[in-house]
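Topology and contacts: notes
One letter stands for each residue in the lines below.
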Amino acid sequence: MIEQREKERIKKAYETSLSGLQEDPWLAQRVLNEGKEKKRMKKSISLLLAFALTLMVGTAAYAATQWGIYDFLGSMLGKQPAGADQVMQSNLHQETVNGVEITVKEAGYDGKTLFLLYSYRILDAKEPIGIQKNGAYLITEADENLLYEKNVGWWIDQLWINGKAVDMPGNSGSSIWGSDVPGEIIHAEYWRLDNEELALEGEIEISLPIGERQNLNDYRKVDHPEKYGEDGELLPPEKGLITFRFDAKDTLSKVRTFAANEEKTMPEITAKVTEASFTPLMTYITLELQGNEAALASYKAKNGEGYYDENGTLLFPYTDMDVFSGYIDSLTLVDRKGTILFEEARGCNGLSNTWAEFIFPHLENIPDALYLAPAPNGTADMNQAIRVK
């Protein structure tokens, strides 16, 4: 799990990155749960054991549909792959609540992440919502309050799949925007279901807490929505949900997984890739990390014992992560020759003293060898590269 200090580092990084919103719609106004500490639920909607070939490969195939999710999570998802149509679905549900039209526009599942695109449209609004900048409508807190005035919107950090509660997984997030449609606010979300040990198969029912807002503060109410069953699971409330059907099909069979497990030892760190998964929409790479005790001691000798408050009190000491975080953040995906495969990709998605995760867009043609390598000047340093595949 990502440690508390790293959660704050990630939060600060994303807050800083918001200044680039006009160039990068994915760097939007909210990261719901980056690196959130959470319990493992150890349950599965469906877990397939077999992994087979990925979706169609080649230059002749093109996606028939231009999916809106790529307009809002483009920096994460990259270019829309030819196989997106096989895992994405549209026009899933629409209903009106308190004068707000709620539409589940799109949903997709790639074997690890559930992607959602839905909108609120305030029916009595006459103008678009948000601050227009470079063709995009940036949503402010005041804009979101327009929904709250209608008593509509997200009201609990939970969703339900086939009636089973799902905690908000670590490394999940959301992007919120307006549009040129009067009264419309659009949410693009990604839920890392694999971080709750969940896998989807076939037709399922998804319930989102995005309808009429429910009161979570008055626990004395008999009809309070936050109720638990005998098994301790949070039951789906009778009110406040938007429910729709989604066909996850056999997507897990379209995921290819490799594990190089080849250690790379350097002065500051020993690292190896324990899993590399190539899905119809994304590329996920997990690393196991081990710091060097002497390197940490040298770092402390140069920089002090750790982080202090304004009174000089040590809040927490430096750890291995402080020593090697710069190296990990510099890594990008390259082939055997050191060619950078995704110039603008996000890369490192989470980091702790013993673990790191990288995400990249879909890799249409997987090379016979892949590496994570630092490329500070656009040229990969293969002497510091970690074997992925």
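Residues numbered from 1 in each chain as written. Predicted model: local features only at pLDDT ≥ 70, side-chain atom pairs only at ≥ 80, totals over all residues. Heavy atoms only, no water.

**Some remarks on the overall build of the protein**
Let me state the cut-off plainly: Helix and strand assignments follow DSSP, with helices taken as H or I runs no shorter than four residues and strands as E runs no shorter than two, numbered in order from the N terminus. When accessible area is computed with a 1.4 Å probe and restricted to protein chains, residues below 20% of their type maximum are described as buried, those above 50% as exposed, and intermediate ones as partly exposed. Using a 1.4 Å probe, accessible areas were evaluated by the Shrake-Rupley method; residue-level cover was limited to the displayed protein chains.
Scanning the protein for helices and strands turns up six helices and 23 strands. Buried residues in the protein amount to 52% of all 389 residues. Approximately 18400 Å² of the protein is accessible, and the part contributed by carbon and sulfur atoms is 47%.

**Examining the sheet that holds strand β19 (residues 331–335)**
We apply this condition: Two strands form a pair only when DSSP identifies at least two bridges running between them.
With antiparallel pairing, the three strands of this open sheet are ordered in space as β19-β22-β23. Two strands bound the open sheet, and with one partner strand each, they are β19 and β23 (386–387). Where strand β22 (residues 370–374) meets β23, two bridges bridge the pair, whose relative direction is antiparallel. Bridge pairing links Tyr 371 to Arg 387 in β23.

**Quick word on the pairing of strand β21 (residues 355–361)**
Within β21, six of the seven residues are buried, leaving the element largely enclosed by the surrounding structure. The pairing of strand β16 (residues 282–291) with β21 spans seven bridges and is classified as antiparallel. Across the sheet, Thr 283 pairs through a bridge with Phe 360, a residue of β21. Two strands pair when backbone bridges link them, and strand β20 (residues 347–351) and β21 are joined in this way by four bridges, in the antiparallel orientation. Paired with Gly 350 across the bridge in β21 is Glu 357. Hairpin connection between β20 and β21: a loop of three residues separates the two successive antiparallel strands.

**So, the packing of aromatic side chains**
The line we're drawing: Side-chain rings of Phe, Tyr and Trp, where Trp is taken by its six-membered ring, are said to pair if the distance between their centres is within 6.5 Å; with planes under 30 degrees apart they count as stacked, over 60 as edge-to-face, and otherwise as tilted.
Evaluation of the coordinates by the stated rule reveals eight aromatic pairs. The interplanar angle of 85° and the centroid separation of 5.9 Å between the aromatic rings of Tyr 118 and Tyr 120 together place this pair among those described as edge-to-face. Both residues of the pair, Tyr 118 and Tyr 120, count as buried. With a centroid separation of 5.0 Å and an interplanar angle of 70°, the aromatic rings of Tyr 307 and Tyr 318 are classed as edge-to-face. Here Tyr 318 lies in the loop between β18 (314–317) and α6 (320–329) and Tyr 307 lies in strand β17 (residues 306–308), a separation of eleven residues in the sequence.

**Focus: the pattern of salt bridges**
How we decide: A side-chain nitrogen of Lys or Arg and a carboxyl oxygen of Asp or Glu constitute a salt bridge if their distance falls within 4 Å.
Applying the stated criterion across every chain, the model contains 13 salt bridges. Residue Arg 192 pairs with Asp 194 through a salt bridge whose shortest N-O separation is 2.8 Å. Each member of the pair Arg 192 and Asp 194 is classed as buried. We note a salt bridge from Asp 368 to Arg 336, for which the minimum N-O separation is 3.0 Å. With Asp 368 in the loop between β21 and β22 and Arg 336 in the loop between β19 and β20, this pair connects stretches of sequence that are 32 residues apart. Assessed through its relative accessible area of 56%, Asp 368 is described here as exposed. You can call Arg 336 partly exposed: its relative accessible area is 47%.

**Remarks on the nonpolar core**
Applied cut-off: In these notes, a set of buried Ala, Val, Leu, Ile, Met, Phe, Trp, Tyr and Cys residues joined through side-chain atoms within 4.5 Å is what counts as a nonpolar core. We call two residues contacting when some pair of their heavy atoms lies within 4.5 Å.
Formed by 37 residues in total, the largest nonpolar core has its most connected members in Leu 193 and Phe 244. Those elements giving two or more residues to this core turn out to be β2 (88–97), β3 (100–109), β4 (113–122), β7 (158–161), β10 (184–192), β11 (203–208) and β12 (242–247). Every residue in contact with Leu 193, bar those within four places of it in the chain, is listed here: Tyr 109, Lys 112, Leu 114, Ile 161, Val 166, Pro 169, Leu 198 and Leu 200.

**Some details on the sheet that holds strand β8 (residues 164–167)**
For the record, the criterion: Angles run from 0 to 180 degrees between N-to-C directions of axes, and those axes are lines fitted to C-alpha atoms, restricted for helices to the stretch in contact.
Strand order in this open sheet of four strands is β8-β7-β11-β12, and the pairing throughout is antiparallel. Since the sheet does not close on itself, it has two edges, and those belong to β8 and β12, each with one partner. The mean angle between the axes of side-by-side strands here comes to 30°, regardless of whether they run parallel or antiparallel. Across four bridges, β7 lies against β8 in antiparallel orientation. Within β8, the position partnered with Gln 158 by the bridge is Asp 167.

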